[in-house]
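# Fold and contact review
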Amino acid sequence: MRSLVATVLRGLRSRLLLSLGSVLLIALAVASAVLGPVFQVAVTSSYLVTRLADAPNPLTGLSWAYRPAPGTGPAAAASEAAALARQAGAGAGGTYVAPQTFLRTDETPGLGGQVRLAAKEGYCEHLEVEGRCPAAPREVLMLAGDAELTAFEVGATFDVEGAGTLEVVGLYTVPEGPAEADWWFDLSRFSSRTPTPPPSNQPYRPAPLLTGHDTLEGLAGVDVEVLVDRRLEPPADLDLEGLDAVRAVASAQDDLAALGLDVAAGASFETRSINDIDGVAAEVRAQQETARSSVAPAVLSLVLVALALLLRLLTAAADLRLPELALASLRGLPRRRMWSLGLSEPLVLLGVAVPVGGALGLGVSWLLVESWLVPGLPVPLPWTSLLAGLGVGLGAGLVAVVAVGLVLRVDLASQLGGVRRPARARRGAVVAQLALVAGALVVLLSKLSSTAPGDPDVTDLVLPVLLAVVAGLGGARATSALAGWWTRRGPRSSSLSTFVAARALSRRREGTLVILPVTAAIAICVFGAGVYDSASQWRASVAATRAPAAVVWASDLSLDRTVALSRTADPDGEWLMAAGTLSSTGPVFTVADTSRLERVAQWSDQWTPGTSTAEIAERLRPTGEVPLLEGSRIGVVVDNRARSSDDLVLRLRLVTAEGDVRFAFLPVPPSSGTLETRVPACRSGCRLEGLTFGGPAALRTDIQGVVEIWGVLADGEPVDGAVTGAGWKVAADASAPEAVTRLTDDDGVLRVEAATGEPAILQLTAGDVPEALPVVKGLDARTEPDPNAFSTSSPLSFPVHPVVEATSVPLLGPRGLLIDYDMVSIDREVYDQDSSEVVVLARADTPEDVSEQLRAAGLSVDRTFGDVRAGLDGEAYALALRLYAVVAVLVLVMAVAALGVSTAVQLPARRRDAASLRVVGVPRREVMGAVARELGVVLGSTAVAGLAAGALAQYVVLRTVTLGYAETLSTPELVAGVDPVRLALLALLTAVLFGAVALVSAVLTVRGARGATLRENAR
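## Brief notes about the state of the cysteines
Under the counting rule described, the total for this entry stands at 2 disulfides. Shown here is the disulfide that connects Cys124 with Cys133, its sulfur atoms set 2.0 Å apart. In this structure the cystine formed by Cys124 and Cys133 twists about its S-S bond by roughly -135°; its chirality is therefore left-handed. For Cys682, the disulfide goes to Cys686, at an S-S distance of 2.1 Å. Here the S-S torsion is close to -100°, and the disulfide linking Cys682 with Cys686 is therefore left-handed. For the pair Cys682 and Cys686, one class covers both residues: buried. In the protein chain, the cysteines engaged in disulfides, taken in order along the sequence, are linked 1-2, 3-4.

## Overview of the sheet that holds strand 14 (residues 576-583)
Ordered by their spatial adjacency, 8 strands build an open sheet running 29-28-30-15-14-31-13-32, and the pairing between neighbours is mixed. A strand with exactly one partner marks an edge of an open sheet, and here the two such strands are strand 29 (800-806) and strand 32 (860-864). Averaged over all adjacent pairs, the angle separating strand axes in this sheet is 30°, with direction ignored. Of the strands in this sheet, strand 14, strand 15 (588-592) and strand 31 (838-842) touch helix 19 (residues 559-569), which is tilted by about 170° from strand 14.

## Some points on the confidence of the model for the protein chain
Per-residue confidence for the protein chain gives a mean pLDDT of 78, with 76% of residues at or over 70. Note on residues 789-795: pLDDT is under 50 here. Beyond four places in sequence and across chains, it has 10 contacts. Contacts from residues 1015-1019, a stretch scored under 50 in pLDDT, to residues over four places away or in other chains number 1 contact.

## Re the packing of aromatic side chains
On inspection of all chains with the given rule, the structure shows 9 aromatic pairs. An angle of 75° between the planes, with centres 6.0 Å apart, marks the rings of Tyr172 and Phe190 as edge-to-face. In this pair, Tyr172 sits in strand 9 (residues 164-173) while Phe190 sits in the loop between helix 6 (178-184) and strand 10 (209-210), placing the two residues 18 residues apart along the sequence. The exposure classification of Tyr172 matches that of Phe190, with both residues buried. Ring plane angle 85° and centroid distance 4.8 Å describe the contact between Trp184 and Phe190, whose orientation is recorded as edge-to-face.

## Side note on the pairing of strand 21 (residues 686-694)
Most of strand 21 sits out of view: 9 of its 9 residues are buried. In the sheet, strand 16 (residues 628-629) pairs with strand 21 via 2 bridges, with the strands oriented antiparallel. Bridge pairing in strand 21 links Leu629 to Cys686. Summarising the sheet, strand 18 (residues 648-656) and strand 21 pair through 8 bridges and their orientation is antiparallel. Bridging across to strand 21, Arg651 finds its partner in Thr692. Summarising the sheet, strand 21 and strand 27 (residues 762-765) pair through 4 bridges and their orientation is antiparallel. By the bridge assignment, Gly690 is partnered in strand 27 with Thr765.

## Some thoughts on a nonpolar patch on the surface
Together, Val981, Leu985, Leu988 and Val992 make up a nonpolar patch on the protein surface, roughly 400 Å² of accessible area in all. Inspection of the secondary structure assignment puts Val992 in helix 27 (residues 980-1007). Relative accessible area serves as the criterion here: at 51%, Val992 is assigned to the exposed category.

## Some thoughts on unusual backbone geometry
Positive phi outside glycine occurs at Arg138, with the angle close to 65°. One can find Arg138 in the loop between strand 6 (128-131) and strand 7 (139-143). Under the relative-accessibility criterion, Arg138 is labelled partly exposed at 37%. With phi around 75°, Leu811 is a residue other than glycine that occupies positive phi space. If you trace the backbone, Leu811 turns up in the loop between strand 29 and strand 30 (817-820). What makes Leu811 buried here is its relative accessible area of 12%.

Definitions and cut-offs
Residues numbered from 1 in each chain as written. Predicted model: local features only at pLDDT ≥ 70, side-chain atom pairs only at ≥ 80, totals over all residues. Heavy atoms only, no water. Disulfide = S-S within 2.5 Å. Buried < 20%, exposed > 50% of the residue type's maximum accessible area, 1.4 Å probe, protein only. Pairing = 2+ DSSP bridges. Helix = DSSP H or I, 4+ residues; strand = E, 2+ residues; numbered from the N terminus. Axes fitted to C-alpha atoms, helices over the stretch in contact; angles between N-to-C directions. Contact = heavy atoms within 4.5 Å. pLDDT = per-residue confidence, 0-100. Phe/Tyr/Trp six-rings, centres within 6.5 Å; stacked < 30°, edge-to-face > 60°. Patch = residues over 30% accessible without salt bridge, like charges linked within 9 Å, V, L, I, M, F, W, Y side chains within 5 Å. Areas by Shrake-Rupley, 256 points an atom, 1.4 Å probe, with all protein chains shown as cover. Salt bridge = Lys/Arg side-chain N within 4 Å of Asp/Glu carboxyl O.

Pasting the structure below:
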């Protein structure tokens, strides 16, 4: 036993480099197996915490409405509501914070609409106030945007039914930031809704008028309710069991009577929660399964590559022990003792490496959890980690048995020869290799025939490994066959160094053995890096769909008013762009002010590859310039030579700077002259979008002849471009387009020739708007009305013409059509629908004074691109995919380390060969060239095979695998392409690393190639 220990220690010391390399690979394999389950559980817990923390308060918190008994003061009512909220929200530990109250009145007539008064303790400290805070009864704060809309200033007074005369002592805006959103719980309570035209006929509803408790106490005939909320604040150690307790509390709100709350007589307490904790729990559990499925391929790939490289190193170590084993065989050592001697060194290495790998796995787990996940998250240690680590240890032991068995099967003559020559493969090995190739082809064809995306399955798990192994086998056999063929051609057909390199590859097995494991490592590296980078780019595309700019402001104004607000606040279009969604009987539109698209919007390169945002905006915008009239008196110079059955009237469609539509009617006498009318709303500018010739009140009439417009005036001054360049044409939705027989604008004169067979109106539109409006079409978007739909109010039934196809459009994703606001609104009434979303998109560097104008109008920051992207990056699946980046780095490091160790092991034999050549007079340069070419062929074939296998695996798997848990109708699809830039960078990195190894090996070989080397070997 003592002699065996001494032999093992001498062997480990003499083969120290191989021993250290083997320990490193075993430790990395065990660490990977331990890390996988730990990280999978940790990312699920982290996602749970971040998902709950980032969700809007109304979706995760609890809300109630308390109506106190008659005679109860505001302060007492708030205290009673908070006490009831504490009872109703009990049972979830400290997950729900203390109740917060917000008092407000019922709607009551005032300001020409319906108003509410509201109060909250300390509210002035959480507002930006121009003026002062209310200090006496009937003093209020008004939203700055409402003050502008109603033309009120600080000091103005007005009457509100039930409250008397109120005085505006200050104007407020709600500050931005998550802290303020948490303090107010729900910022949508400060929305201001302007009146809407028919058919909805909604009255004006300004934002709440904020005041003190003393004002609420003096109300007459107006009830007060207390909105009481409990915000969810998840602790870092919240797990699914803790979430179940939160769900139980949320579910209990559906039946408050069962909770036995102490509600005072004459009072009422009812739930107002829109809590969706159940949906969050279902999503987290689904992501847990998906994360587990995505972690497994990364861990398995890393473990298999480590074991493959380990087999190469252990085989090399066993080859170096051939003289020892031959000597033991000559001494008649029995078979069992031979196995003991052969396994002694690998088992010692295994005993050292397994605990080191376990500690390394736990350490890396802690580092990744601290670096990537929620601060304070405890590092879990599931039993599956221990089981996986032990399993990999047993796998490493099996690899050691295989390596020793391969050496012990060598006959005694080969053992005494000391050099392993290539031999014909055994039948079993050939069958195994053919089975691997067949399996890879079957899995590859099954994935290529599948088109539907889904969660990772077993084929996604094994395909990269199978392709890597097959590529390695093919590379090794092809290199060996090519070298043999080249050798048989003889030295005359090539240079001496090339012949020597080819002969070395064909006669020494060690030269090509490294191809298989290193090829597998490179393939897994390419696959891991590709999956990680593709998922990252896809999440950026999703984020740009949901948040099409750095900052997204939510607007309760109409789309017309929101566009007008953005153009007023940012007249040059440097920072703001308004957008909204509209639905028709078929297509769904994202309507955007695309003249600002290039400067403001976030536009993913994956959506329209090869087409820039500037090109898109140019294709969507009207080609004609709509005239802008600035003046309170609007005039038109007309020459009327037409006959009409009624008095001819010219109607001008004017759109004010605020987005309001005004009509000016100008009677047209049967002569030439200037027609003028007062339009005070155009003092700040109006867009002249349409002209209509007809009878009084734009009714139909018979028109025969020619009418010419020589110019348009604003306050008596001609407006440049109002005729020529304005793009006047017959309106696409004209009721009688055939009534205009000819329309020209030669020499600055708009000439209209009409011939109506029956009473009609002549409708002209500026902007050169085509009949089919240009759109950017999402991949899944409809362009035709739904024949089965029924709608009586949608005006969006115009034809469209896709000029660009995109994988996604802002706000709506692949199901939407992007259309320009001016294109769709010029001379057309677009009714806002209740389901529409209206936003203002802003750049991150928007000046504060511009943002202040948005807040003053009642807009609030709804989301940012950074927050949406961070939320997607923080999902359990996305966090799990980060392991692929770790795997890509680790397998490349392992490949280079194993290559370096393997090359160092072969160095003595290479030196002997080089010394033999130097002794017979071969120049040093030729010797060095032979070594470099040998290594170049091996490493080059390895790199090419690995890169090809990794790229193919990436392309095939990405076609069908889901890389994120955001699959909705508005989610852009994954672009299943191999990024040539990323592949080129990996190829360059591989070439640099492998080239360095080849160069260093060649230099060391030639330096040590002396005649003394042969004498030492002979002794």
